[in-house]
Amino acid sequence: MNGSNHSFGNTHFLQNGALNGSNNFDSLFFEKGKTYTLENTKTQNINSLIIEGTCDQPVILSSSVAGSQAYISSSQGNITVNYVRMKDIDASGVTFNANNSTDLGNNTGWTFTLPSPQNLFWIGGTGNWNDGNHWSATSGGAALICIPTRYDSVFFDANSFTSVA
């Protein structure tokens, strides 16, 4: 989305996206498992920010320029987001909470609650690291669906792969 000084009602991004310029939103919704960038040095004024990522599909939120913050401002209520991996975002005006989220650096105005550390075991043979079907809470156990975060310990053992005869 390009342009500045636009006003939007309820805005729901279903795919990856970028917000350029400073704008106003009644409600801004970001979809789980997607990546969003906000233009550095610009402000998104919002009444409601809805980000409900999950352990296997976190939302990635960052500024368009690494090391240079983008701004979110709200004057209504408190904002709570879940399962976000965030970098270079400044929040102001109300209380901003990021639960089960990862602070990737240079974020201000947010209270981060980290995901609980877990011991995760690789299961099911070869596959993709980001596939939650390959992670279990026990060696050889059932899939958890969650993917490891930087706070977890991961293990590869005899139950991780099938042997080749």
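If you're wondering where the values come from, they're calculated on a predicted model, not measured in any experiment.

Asks: In this structure, what is going on with the side chain of Ser-101? I would like to understand it.
Replies: Examined against the element boundaries, Ser-101 turns out to sit in the loop between β11 (96-99) and β12 (102-103). Separated by 3.0 Å, the side chain of Ser-101 and the backbone nitrogen of Val-84 make a polar contact. A distance of 2.8 Å separates a polar atom in the side chain of Ser-101 from the backbone oxygen of Asn-99. In this structure Ser-101 touches Val-81, Asn-82, Tyr-83, Val-84, Phe-112, Thr-113, Leu-114 and Pro-115, once residues within four positions along its chain are discounted.

Asks: Is there a simple way to think about the sheet that holds strand β15 (residues 135-136) in this case?
Replies: Strand pairing in a sheet takes place through backbone hydrogen bonds and is either antiparallel or parallel in direction. The strand order across the open sheet formed by three strands is β15-β14-β16, and the pairing between neighbours is mixed. Of all strands in the sheet, those with a lone pairing partner are β15 and β16 (153-155), marking the two edges. With two bridges connecting them, strand β14 (residues 119-122) and β15 associate as antiparallel partners. Within β15, the position partnered with Trp-122 by the bridge is Trp-135.

Asks: Is there a simple way to think about the state of the cysteines in this case?
Replies: Summed over all chains, the structure comprises one disulfide. Bridging Cys-55 to Cys-146, the disulfide has an S-S length of 1.9 Å. On the sign convention where negative is left-handed, the bridge of Cys-55 and Cys-146, at about -75° about the S-S bond, is left-handed. Taken together, the residues span a long stretch of sequence, with Cys-55 in the loop between β5 (43-51) and β6 (59-63) and Cys-146 in the loop between β15 and β16 at a distance of 91 residues. Cys-55 gets classed as partly exposed once you look at its relative accessible area, which sits at 21%. The class of Cys-146 is buried, set by a relative accessible area of 14%.

Asks: Even after reading the chapter, I still don't get the pairing of strand β13 (residues 110-113), so can you show me in this structure?
Replies: Side-chain direction in a regular strand flips from residue to residue, so the side chains alternate between the two faces of the sheet. By the alternation rule, side chains of β13 split into Trp-110 and Phe-112, which are all buried, and Thr-111 and Thr-113, of which none is buried. Sheet topology places β11 next to β13; four bridges connect them, and they run parallel. Bridge pairing in β13 places Phe-96 opposite Trp-110.

Asks: I'm lost on the pairing of β6 in this one. Help?
Replies: Among the five residues of β6, four are classified as buried, and the element is accordingly described as predominantly covered. In this sheet, β6 lies alongside strand β4 (residues 35-38) in parallel orientation, the contact comprising four bridges. Looking at the pairing, Thr-35 lines up with Ile-60 of β6. By the bridge criterion, four bridges tie β6 to strand β9 (residues 84-87) in an arrangement that is parallel. Its bridge partner lying in β9, Ile-60 is registered against Arg-85.

Asks: So what exactly am I meant to see when it comes to the packing of aromatic side chains here?
Replies: Ring pairs (aromatic) are described by centroid distance and by the angle formed between their planes. This model, assessed by the stated rule, comprises 12 aromatic pairs. Ring geometry for Phe-13 versus Tyr-36: centroids 6.0 Å apart, planes at 70°, classification edge-to-face. With Phe-13 in strand β1 (residues 7-13) and Tyr-36 in strand β4, this residue pair connects regions lying 23 residues apart in the sequence. A relative accessible area of 14% places Phe-13 in the buried class. A residue is classified by how much of its surface remains accessible, and Tyr-36, at 1% relative accessible area, is buried. Aromatic pair Phe-156 and Phe-161: ring centres 6.4 Å apart, planes at 10°, arrangement stacked. Grouped by ring-pair contacts, the aromatic residues Trp-122, Trp-129, Trp-135, Phe-156 and Phe-161 constitute a single cluster.

Rules behind the numbers
- Residues numbered from 1 in each chain as written.
- Predicted model: local features only at pLDDT ≥ 70, side-chain atom pairs only at ≥ 80, totals over all residues.
- Heavy atoms only, no water.
- Helix = DSSP H or I, 4+ residues; strand = E, 2+ residues; numbered from the N terminus.
- Polar contact = N/O pair within 3.5 Å; in protein donor to acceptor, adjacent residues only side chain to side chain.
- Contact = heavy atoms within 4.5 Å.
- Pairing = 2+ DSSP bridges.
- Disulfide = S-S within 2.5 Å.
- Buried < 20%, exposed > 50% of the residue type's maximum accessible area, 1.4 Å probe, protein only.
- Phe/Tyr/Trp six-rings, centres within 6.5 Å; stacked < 30°, edge-to-face > 60°.

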